[in-house]
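Per-entry structural report
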Amino acid sequence: DLRGYTTLAESMQLTDCYELLSDVMEALTRVVMRRQGVVVDYYGDGLLALWNAPLEQPDHADLACSAAVEMFEAFPPVARAWQNRLSGPLELGIGVHSGPAYVGNAGTRSRLKYGPRGNTVNIASRVQAASKQLQLPLVITAATQTKLSDKFFTLRVCTAKLPGLEQPAELFTVYPATEAARIKSRLDQYSRALAFFEAGE
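What this report covers is the structure whose coordinates are included nearby. (Residues numbered from 1 in each chain as written. Predicted model: local features only at pLDDT ≥ 70, side-chain atom pairs only at ≥ 80, totals over all residues. Heavy atoms only, no water.)

As for the side chain of Q57
Its place among the elements puts Q57 in the loop between β3 (46–50) and α3 (60–82). The exposure class assigned to Q57 is buried, which follows from its relative accessible area of 10%. There is a polar contact of 2.8 Å between the side chain of Q57 and the backbone oxygen of Q36. Among residues more than four places away in sequence, those in contact with Q57 are Q36, W51, N52 and L63. (Helix = DSSP H or I, 4+ residues; strand = E, 2+ residues; numbered from the N terminus. Buried < 20%, exposed > 50% of the residue type's maximum accessible area, 1.4 Å probe, protein only. Polar contact = N/O pair within 3.5 Å; in protein donor to acceptor, adjacent residues only side chain to side chain. Contact = heavy atoms within 4.5 Å.)

Observations concerning unusual backbone geometry
The step from A53 to P54 runs through a cis peptide bond, and the omega angle for that step is 5 degrees. Mapping P54 onto the fold places it in the loop between β3 and α3. Although it is not a glycine, Q36 adopts a positive phi angle of roughly 65 degrees. Among the structural elements, Q36 can be located in the loop between α2 (14–34) and β2 (38–43). Although it is not a glycine, Q135 adopts a positive phi angle of roughly 55 degrees. For Q135, a relative accessible area of 68% puts it in the exposed group.

Considering α3
Given a rise of 1.5 Å per residue, 23 residues ought to cover 33 Å, and the 33 Å separating the end C-alpha atoms of α3 matches this to within 8%. Of all the bends in α3, the largest measures some 30 degrees and sits at F75, one to four residues before the proline P76. (Expected span 1.5 Å × (residues − 1). Bend = angle between axes of the 7 residues up to and from the residue.)

Re the sheet that holds strand β8 (residues 138–141)
The strand order across the open sheet built from four strands is β5-β8-β10-β9, with neighbouring strands paired in mixed fashion. Strand pairing shows two members of the sheet lacking a second neighbour, β5 (94–96) and β9 (152–160), which therefore form its edges. Direction aside, neighbouring strands of the sheet carry axes that sit 30 degrees apart on average. With three bridges connecting them, β5 and β8 associate as parallel partners. Looking at β8, one finds that G95 is bridged to V139. (Pairing = 2+ DSSP bridges. Axes fitted to C-alpha atoms, helices over the stretch in contact; angles between N-to-C directions.)

So yeah, pure geometry; function would need other evidence.
Below, the structure written as structure tokens:
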């Protein structure tokens, strides 16, 4: 999801809004396809991508998180190209969740649309929204975190009650394993802060 787009759009011409979203979605779509994903749909200022269907991908969690990390690397050139026409910064928020879904025609008989349906999709959407509240660019669930290989390093963020879901969700943020040493150097401080936060202090 492109954060703050509604506010940005208020100060832009309609043609600029159209071109900006086109540039952003083009950059993000290239990343998804490069990481063997399927872009299911574009909705406003965001997109929904899918892995592990139609073909099985045993490393689908790695592929999805690799795509997420690469999206942040692909984004700065777009932001620089638009910086003189925007009233604020361009920022992304990404949520990743893994789970079962019914994948097939998510449209109707008169308008076919390939994609997933089910609670997994709803949770992914809620996690993406939570990334904004948590002020983190990338948030994943425990269901994804447990499937990741050692190519990634994760940190637990919190246990969150997401809107519309009965069970709280364990949320993590994720980094390439090459960032582990830098992150671990601050891990003790982070853990103490998290403990205070969850104790209401």
